[in-house]
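Residue strings, one per chain:
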Amino acid sequence: MKEEEGGAIVGQPVYPRCGSLSPTRPGGRTPYGTAVPHIPRPRRRSAGVGARQAVPALAVALLLAGLASLPLPGAGRPTGTVGWSSSRELPELPSSAFATVGGVRALGTVSPVSSNAPVTNTVILSNGTLLPGNVVLPQGIFPQGAAFDPRSGEVFVADLVTSDVSVINASTDAVVTTIAVGTSPWQVAYDPDNGFVYVSDYLSDNLTVINGSSNRAVASVTVGALPVGVAYDDFTRQILVANSNSNSLSVVNPATNTVNRSIAVGPTPYGIAVEPGSPMVFVVNYGGGMSTINLSKASVVATTGTGLEPAGAAYDPLTNEVYVANTASNNLTVINASTQLPVASVAVGVSPFAVVFDPLNREIYTANQGQNTFAWSTLTAVNASDHSVIANATVGVFPGGIAFDPTNFQMFVPNAESNNVSVVDSRTVTTVKTITVGSLPGPSVLDPVDGRVFVANGESNQVYVLNSTTGQFEATITPGPLPGGLGYDPTHDDVFVGFGSSSSVAVVSGSSLSVVATVSVGGNPMGMAFDPTLGEMFVANSLSGNVSVVDTTSEKVVATVPVGAAPEGAVYDPTNGEVYVTNYGQGTVSVINTSSRTVVGTVGVGQLPHGLAVDPTLGTVYVTNEGSRNVSVLSGTTNRVTATVPVGAVPGTPAFVASEAELYVPNGGAAGLSVVNASQERVTLEVSVGSGPDWAISAGTGDQVFVSNKGSGSVSLVSVPPPLQVDVSFQETGLSGQRWSVTANWQTENSTGDTITFLEPNGSNFPYSVAPLTGYSQQPSQGLFNVSGAAVRIAVTFNVTGTPAPVVTSFTAQPSPVSVGATLRVSVGVIGGVLPLAFVYQGLPLGCNGSNSSQWTCVPTGAGDYRLNVTVRDADGRVGTSSVALTVTPGNPGASPGPSFLGVADTYWDAAVALAIAAVFVAGSYTYFQRRYPPPPAPPRDPLIYPHPDSPPPPPPPDEPAP
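Residues numbered from 1 in each chain as written. Predicted model: local features only at pLDDT ≥ 70, side-chain atom pairs only at ≥ 80, totals over all residues. Heavy atoms only, no water.

Across its full length, the protein holds 1 helix and 78 strands. Counting the 963 residues in the protein, one finds 59% classified as buried. Here the analysis covers contacts within the protein between residues at least 6 apart in sequence; of these, 48% occur between residues at least 24 apart. Here the protein has roughly 35,600 Å² of accessible surface; of this, 53% comes from carbon and sulfur atoms. (Helix = DSSP H or I, 4+ residues; strand = E, 2+ residues; numbered from the N terminus. Buried < 20%, exposed > 50% of the residue type's maximum accessible area, 1.4 Å probe, protein only. Contact = heavy atoms within 4.5 Å. Areas by Shrake-Rupley, 256 points an atom, 1.4 Å probe, with all protein chains shown as cover.)

Below is the structure:
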């Protein structure tokens, strides 16, 4: 099957940029097109480039969800983050709880990979070796911080993605070992008193302690939230840690590995500088300003203004000055430590980040993470005497720290996006060598004509060529610097390779493996999709925010289509002749009509959309959302999202296998492959592959999928047969209608009923866990289940372990409907809870104020439809809630006679009583006035006028004569 793969490599959340040579963006990709879990770091505003560059953030998988709403250092001003919420997310279980059983993640012990395991072979790209089964070779990815150990002559480099520390022999420049630490290690400090190395683990909120002699992690100290900077203070002989999300400085006692105190500092503390022989410490706050701390007083004694978004700091003891690197101002602020006043500003390179002082040469060195040309980054040397720039040394891409070796006059600069370490001679300020610590295979594409799979690796500037059937390594080609996005033209049997270092695409012959043409496109070409009807390649340019349409016959751009911010992935849908492009910076997908070359629709999807795949039969488009940890399912007919499928952390570019009607989603943060059943629209299997899987393509014969693993420098060949689906049911006893939850095979369901059912594939050692409920114990709470073609039933018993939380068993408002003026009776039934109980009502009709009671009455005065809510809170603060609908109609006694007495409605009795009272009042008033003001006596009766009552009436008057 030919897979129309598009792919994103880099981009920026809001503004496009040249990702292959610029800082990466949060949650994003390396410049080489590999999916890497990222955490935002300081970014540079570059007016000349029009891009706000972000720094890579790196995390391991499931922990990325914990960052959903945290302000991260280096994301510029905290602007909020993505959040991932789903009732069916992968459970947040410790990685140590998992083993690999036949390539499937499972709880329990490690079993050997069998011959029919999902991962059949692994290609190690560094040497072209094809190994059987699933092989994960650890290596450092995204080196960030560094420290030098003069006792052993070794440099310790923190690798953010692989969560380990690479140890480099400073004499031989060889990586001698790697040490596993916490999640996403950020900076490193050396303690000369005990010879230990301290590593701040950004996503673990801890400090890993490494014995410098044995190169082993010996302890872990819990500090504040999102620790970044770490330093050794010789005055107090303690370790200082800047906690970027706690806005605090942790003071750690190295003798006991405990936090002695926590000192509040400014917003988003980042870098630390120490004044030797003094209790004074300087902390730069990425949110603004520098905090000066007196450790003896354990408080901030001064706050000094700096440039924009300061990240690093260094102290010069000879001049008593602090140098602060301002990532958004492109300068160093020089501050007099005594007066706390800035004395100079030194313009350096783009986005200065790390700073170090060289007492031998009396120079300040700063690592500049960006360049206006998006070329290699630089290291600037500043004369500490007159604050002048002496020289600039070219280093790797995105330097994140500096470790100084005074013995050999060397500085070791870890380059996050080059996955190497530059060795700079401090005397000449020149880079003398480069040490590679990792490999980053990324985008892939299938050439079905020649039976080859092409895998781009920007770190080595090469494209690897593998046999699509056997996975055997065939060749490497070097089409240009930093190859990224790939596309295939079956009409001419050509492979298109985008370069992050330039706005161009190389056309490589699929048969001769040679470059036959170069086409200029937009900035940072990434995802590509080929339209076989028109013979055109659609190239998504992440930096330009548009799509270049290339005629593959003339090899010229024939149109440019504007799309959203930071377009990354692209795919062609043969059922409707449209191209879909993910806009990473906007959370949308642009739909392009290939005939008119115009955008005909924009579809909102998840957060940070990246890769795409299409079902060529049904025209269903699948979009992986890195920030949301899910897949959006789009209908190619309506161009609307019809479903959302939760997967693992940092999902990369997926592959759709038509023969199985399944989607294979690599989870870069989880070292796994999620298999999504297209009809069920849910994950049916999790397959363990290499570290940091990024791209997947359907290739070769049968059900074979190639997965590029950025974290282990390899490609996994996956073969998973269609699974047989059966019911797995969990049945509970002991609950009274309370909501309960079960996670089985990485899927979560909840219910208020007594049964929860899953549809699971054939397999063994699938894990499950039952979520705890307050006031209950559950048996069992977790375990494994096997599926072998028959339904599985698991009984779960809940036992009360104390007074359970209050549960509202009934909530009535009667009668309903009720007329205005009639009596409404409210009643609430509750079980459980520690007395006394408090009742709070909301949504009541007019005239009803409620009561802190389970039963009360009122007379509504306003008609309408209402939703009454009750919250019952017990003495322990636990709550139970419920609601009921109520209709209040206008007053109509005939419609609602209400209660009665002796057969007469209460309302009529009330009216009668009111009338009687009114009559008595009127009569009494009349009598009172008659007595107080009697009428005057009547005049004497005139017999002529007033005859006797018994006299006959007088005769009528005579008729008057006519005139």
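Attention shifts here to the environment of threonine 208. Within the secondary structure layout, threonine 208 lies in strand S13 (residues 206–211). Judged by relative accessible area, which is 4%, threonine 208 ranks as buried. Spatially, the C-alpha atoms of threonine 208 and valine 197 are 8.2 Å apart, while their sequence positions differ by 11 residues. If sequence neighbours within four positions are ignored, threonine 208 has contacts with Val181, Gly182, Val197, Tyr198, Val199, Asp201, Ala217 and Ala219.

When the pLDDT values of the protein are averaged, the result is 78; 77% of them are 70 or greater. Within the protein, the lowest mean pLDDT, 25, falls on strand S3 (residues 98–101), and the highest, 97, falls on strand S49 (residues 588–593). Long-range and interchain partners of residues 893–907, a stretch whose pLDDT sits below 50, account for 11 contacts in this model, where long-range means more than four residues apart. Taken together, the stretch residues 941–949 has pLDDT below 50 and engages in 3 contacts with residues farther than four places along the chain or on a different chain. (pLDDT = per-residue confidence, 0-100.)

It is worth spelling out the sheet that holds strand S75 (residues 864–873) at this point. Hydrogen bonds along the backbone pair up the strands of a sheet, which may run parallel or antiparallel. Read from one edge to the other, the open sheet built from 4 strands follows the order S71-S76-S75-S73, with strand pairing classed as mixed. The open sheet has two free edges, formed respectively by strand S71 (818–819) and strand S73 (838–842), since each of these has just one partner strand. Inspection of the sheet shows S73 paired to S75 by 5 bridges, in the antiparallel sense. Looking at S75, one finds that glutamine 842 is bridged to asparagine 869. (Pairing = 2+ DSSP bridges.)

A few words now on the pairing of strand S60 (residues 704–709). Burial analysis of S60 places 6 of its 6 residues in the buried class, which makes it a mostly covered element. Here S60 shows no split at all, with Gln704, Phe706 and Ser708 on one side and Val705, Val707 and Asn709 on the other all buried. Between the end of S60 and the start of strand S61 (residues 714–719), which pair antiparallel, lie 4 residues, with glycine 713 showing a positive phi angle near 60 degrees.

Now for the environment of threonine 638. Within the secondary structure layout, threonine 638 lies in the loop between strand S53 (630–635) and strand S54 (641–646). Taking relative accessible area as the criterion, threonine 638 reaches 45% and is therefore assigned partly exposed. In the structure, threonine 638 is positioned 37 residues away from glycine 601 in sequence and 10.0 Å away in space, judged by C-alpha atoms.

A word on the state of the cysteines. For the structure shown, the criterion picks out 1 disulfide. A disulfide bridge connects cysteine 848 with cysteine 858, and the sulfur atoms are separated by 1.9 Å. Across the disulfide from cysteine 848 to cysteine 858, rotation about the S-S bond amounts to roughly 75 degrees, and the bridge is consequently right-handed. With a gap of 10 residues between them, cysteine 848 in the loop between S73 and strand S74 (855–858) and cysteine 858 in strand S74 connect regions that are remote in the sequence. Taking relative accessible area as the criterion, cysteine 858 reaches 10% and is therefore assigned buried. (Disulfide = S-S within 2.5 Å.)

Applying the stated criterion across every chain, the model contains 8 salt bridges. Across the pair aspartate 874 and arginine 878 runs a salt bridge, and its minimum N-O distance is 3.1 Å. Owing to a relative accessible area of 16%, arginine 878 belongs among the buried residues under this scheme. Through salt bridges with shared partners, a single network forms among Asp874, Asp876 and Arg878. (Salt bridge = Lys/Arg side-chain N within 4 Å of Asp/Glu carboxyl O.)

For the rest of this paragraph, the subject is the packing of aromatic side chains. The final tally for this structure, using the stated rule, is 15 aromatic pairs. Seen in terms of ring centroids, phenylalanine 766 and phenylalanine 785 are 5.7 Å apart; in terms of plane orientation they differ by 45 degrees. Their pairing is tilted. Remark: phenylalanine 785 occurs in strand S68 (residues 782–787) and phenylalanine 766 occurs in strand S66 (residues 763–770); sequence separation between them is 19 residues. For the residue pair phenylalanine 766 and phenylalanine 785, the accessibility class agrees, reading buried in each case. Taken together, the ring pairs connect Trp186, Tyr202, Tyr270, Tyr286 and Phe353 into an aromatic cluster. (Phe/Tyr/Trp six-rings, centres within 6.5 Å; stacked < 30°, edge-to-face > 60°.)

In this section: the pairing of strand S29 (residues 378–383). Counted residue by residue, S29 has 5 buried out of 6 residues, so it is predominantly covered. Examined bridge by bridge, strand S28 (residues 363–370) and S29 share 6 bridges and lie antiparallel to one another. Looking at S29, one finds that tyrosine 365 is bridged to alanine 381. The sheet contact formed by S29 and strand S30 (residues 389–394) spans 5 bridges and is antiparallel. The partner of alanine 381 across the bridge, within S30, is alanine 391.

Moving on to the sheet that holds strand S9 (residues 164–169). Strand order in the open sheet formed by 4 strands is S7-S8-S9-S10, and the pairing between neighbours is antiparallel. A strand with exactly one partner marks an edge of an open sheet, and here the two such strands are strand S7 (143–149) and strand S10 (174–180). Adjacent strand axes in the sheet meet at a mean angle of 25 degrees when their direction is disregarded. (Axes fitted to C-alpha atoms, helices over the stretch in contact; angles between N-to-C directions.)

This next bit is on the nonpolar core. Residues Val687, Val718, Phe730, Trp740, Phe785 and Phe798 are the most contacted members of the largest nonpolar core, which totals 33 residues. By residue number, the principal contributor to this core is strand S69 (residues 792–800), which donates 4 residues. Trp186, Leu379, Ile402 and Val413 belong to the second largest nonpolar core, which has 29 residues in total. (Core = buried A, V, L, I, M, F, W, Y, C linked by side-chain atoms within 4.5 Å.)

Further remarks concern the side chain of threonine 748. Its place among the elements puts threonine 748 in strand S64 (residues 747–751). For threonine 748, a relative accessible area of 13% puts it in the buried group. Within the structure, threonine 748 has its side chain in polar contact with the side chain of threonine 743 (distance 2.8 Å). (Polar contact = N/O pair within 3.5 Å; in protein donor to acceptor, adjacent residues only side chain to side chain.)

This next bit is on unusual backbone geometry. Omega for the bond connecting glutamine 779 with proline 780 falls within 30 degrees of zero, at -5 degrees, which places this linkage in the cis form. Mapped onto the secondary structure, proline 780 falls in the loop between strand S67 (776–779) and S68. Between serine 816 and proline 817 the backbone carries a cis peptide bond, its omega angle lying at 5 degrees. By the secondary structure assignment, proline 817 is in the loop between strand S70 (807–814) and S71.

Glancing now at the environment of serine 741. As for its placement among the helices and strands, serine 741 is situated in strand S63 (residues 740–744). On the basis of relative accessible area, serine 741 is assigned to the buried category, the value being 16%. Put simply, serine 741 and valine 770 are 29 residues apart on the chain and 6.1 Å apart in space, counted from C-alpha to C-alpha. Ignoring anything within four residues of it in the chain, the contact list for serine 741 reads Thr748, Glu749, Asn750, Ile756, Ser769, Val770 and Ala771. Of note is the side chain of serine 741, whose polar atom sits 3.3 Å from the backbone oxygen of glutamate 749.

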